[in-house]
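Take a look at the letters that make up each chain.
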Amino acid sequence: MMTRFEIKLAEHYGMCFGVRDALAAAEGVARERPATILGQLVHNEVVRERLAAMGVQDGELAASRAPTADVIVTAHGASDRDRTRWASGGYAVTDTTCPLVRKAHGALAQLVAAGCAPVVIGKAGHVEVRGLTGDFPGAQVVLSDEDVAALPFAEKIGVVAQTTQPIERVGHLVEAIRRRHPSAEVIFKDTVCQPTKARQTALRDLCREVEFVLVVGGANSNNSWELVEKARRLGCRAERAARPEEVKEHWLYGCGTVGVTAGTSTLRDTVAEVVRRLEELGGVRIPDTGGGRPAKGEWERVA
Ligand code: SF4
């Protein structure tokens, strides 16, 4: 028997302006000439397939050769060192780095210029974090209390965050750094981006009203998994699906209301397709939810 349930969309969800602009720039180049993306433009398989269908090839930021004369730096950014290496290798570089990732780079550079030992709160190995630390090889990356316990002393410590980190975790770790080295001057620049904050806050509100949260997002999308984990911490069951076919019927058993949100690299069309799939499985969308409205200023380009 089909389960009946209500579907409620988060107030803010899905693709941010940084990903939207990066995708538009990459598609613009691909329409004109062959191009290679240095890594995944965004961590979303649906977007990746769309670019592959346009003939965009895959490359690696850390490499020094690509199959086409045009290369594209992704929204996650790159170190100046990597960017320069590609340009001086004779490649035409289209840089789709999100302005808010650039802002995080600038914040870290300012802290280092002010004499701080640089610390990045983020996931070691993530492409954005590699870009942030690439020009400051001494930078420490922390994501847990254990990482903070291993942090060496410095008189001045400058802290930034990966743009998609949960705000509560960042606050917790900044305080942990202050407690770890009470005699150090710890300067924190909040570089978690506004679209991430808006989606996390909207998820908290959503979790007050639903039993189960479905996050529409890529399998290797850090911010989509962060949304899953946050929903679970808030007491909801939560799962992730990149596309409608991945939605499992048994996830919905016993749910009166299902909440839907999406990572910042997820196309609005994909969310709509997943909602249609939920409707086929017995869901009824609550009207006037999930405007998906951007937070104030979210869609404006940031200089
Ligand atoms: S998640 Fe934030 S930093 Fe990343 S592309 Fe989107 S707006 Fe830019």
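Residues numbered from 1 in each chain as written. Predicted model: local features only at pLDDT ≥ 70, side-chain atom pairs only at ≥ 80, totals over all residues. Heavy atoms only, no water.

> Go over the domain arrangement of the protein chain, please, and point to the residues and values.
Interfaces are often sized by the amount of accessible area the parts lose when they come together. The domains assigned to the protein chain are domain 1 (5-15 + 194-285), domain 2 (17-98) and domain 3 (100-188). Once you take the C-alpha centre of each, domain 1 and domain 3 turn out to be 30 Å apart. Between domain 1 and domain 3, the contact holds eleven residues from the first and eleven residues from the second. Of the roughly 830 Å² buried where domain 1 meets domain 3, counting both sides, 45% is carbon and sulfur surface. Of all residues in domain 1, Gln-200, Asn-222 and Glu-226 give up the largest surface area on contact with domain 3, accounting jointly for 49% of the area buried on that side. Linking domain 1 with domain 3 are two salt bridges. Among the salt bridges present, the one from Lys-230 reaches Glu-168, with a minimum N-O distance of 2.7 Å. Inspection of the region where domain 1 meets domain 3 yields six residue pairs in polar contact (both at pLDDT 80 or more). (Domains from an automatic or database assignment. Contact = heavy atoms within 4.5 Å. Buried area = accessible area lost by both parts, 1.4 Å probe. Salt bridge = Lys/Arg side-chain N within 4 Å of Asp/Glu carboxyl O. Polar contact = N/O pair within 3.5 Å; in protein donor to acceptor, adjacent residues only side chain to side chain.)

> Which residues make up the sheet that holds strand β2 (residues 35-38), and what values go with them?
Taken in spatial order, the four strands of this open sheet run β3-β2-β4-β5, and their pairing is parallel. Strand pairing shows two members of the sheet lacking a second neighbour, β3 (57-59) and β5 (92-95), which therefore form its edges. Strand-to-strand twist in this sheet, taken as the mean axis angle between neighbours without regard to direction, amounts to 30°. Two strands pair when backbone bridges link them, and β2 and β3 are joined in this way by three bridges, in the parallel orientation. Note that in β3 the partner of Thr-36 across the bridge is Gln-57. (Pairing = 2+ DSSP bridges. Helix = DSSP H or I, 4+ residues; strand = E, 2+ residues; numbered from the N terminus. Axes fitted to C-alpha atoms, helices over the stretch in contact; angles between N-to-C directions.)

> Provide a residue-level description of helix α7 (residues 167-180), including the pertinent values.
End to end, α7 covers 20 Å across 14 residues, agreeing with the expected 20 Å (1.5 Å per residue, within 8%). Within the span of α7, buried status applies to Val-170, Leu-173, Val-174, Ala-176 and Ile-177. Buried residues of α7, viewed axially, fall in a sector of 160°; they line one side. On its buried face, α7 sits against β6 (117-121), β7 (140-142), α6 (145-149), β8 (156-161) and β9 (185-188). (Expected span 1.5 Å × (residues − 1). Buried < 20%, exposed > 50% of the residue type's maximum accessible area, 1.4 Å probe, protein only. Arc of directions from axis to C-beta.)

> Report on the nonpolar core, specifying residues and quantitative values.
Grouped together as the largest cluster of nonpolar side chains are 33 residues, with contacts concentrated most on Val-213, Leu-214, Val-247, Val-260, Val-271 and Leu-278. Sorting the residues of this core by element identifies β1 (5-9), α8 (194-207), β10 (212-216), α9 (222-233), β11 (237-241), β12 (257-262) and α10 (268-280) as the ones contributing at least two each. Of all the elements, β10 adds the most residues to this core, at five residues. Val-247 has contacts with Leu-214, Ala-241, Val-274, Arg-277, Leu-278 and Leu-281, leaving out every residue within four places of it along the chain. Ranked by size, the runner-up nonpolar core spans 19 residues in total, among them Ala-22, Val-29, Ala-30 and Val-47. (Core = buried A, V, L, I, M, F, W, Y, C linked by side-chain atoms within 4.5 Å.)

> I'd like a description of the sheet that holds β8, backed by residues and values.
The strand order across the open sheet built from four strands is β7-β6-β8-β9, with neighbouring strands paired in parallel fashion. With partners counted over all chains shown, the strands left at the sheet margins are β7 and β9, one partner each. Strand after strand, the sheet turns through a mean of 25° between neighbouring axes, direction not considered. Relative to β8, β6 is paired through five bridges, and the arrangement is parallel. When the bridges of β8 are listed, Val-119 appears paired with Val-159. Contacting β6, β7, β8 and β9, α7 crosses the sheet at an angle of about 165° to β9.

> Outline the packing of helix α4 (residues 99-113) against helix α5 (residues 127-134), listing residues and values.
The description of two packed helices rests on the angle between their axes and on the distance between the axes. Look at α4 against α5: their axes get within 9 Å of each other, and the N-to-C directions meet at 35°. As for the relative orientation of α4 and α5, their crossing is right-handed in sense. Here Val-101, Ala-104, His-105 and Leu-108 of α4 come into contact with α5, specifically with Glu-128, Gly-131 and Leu-132. Considered class by class, the residues forming the contact of α4 with α5 number four nonpolar, two polar and one charged. (Left-handed = near helix turned anticlockwise from the far one by under 90°. Nonpolar A, V, L, I, M, F, W, Y, C, P; charged D, E, K, R; others polar.)

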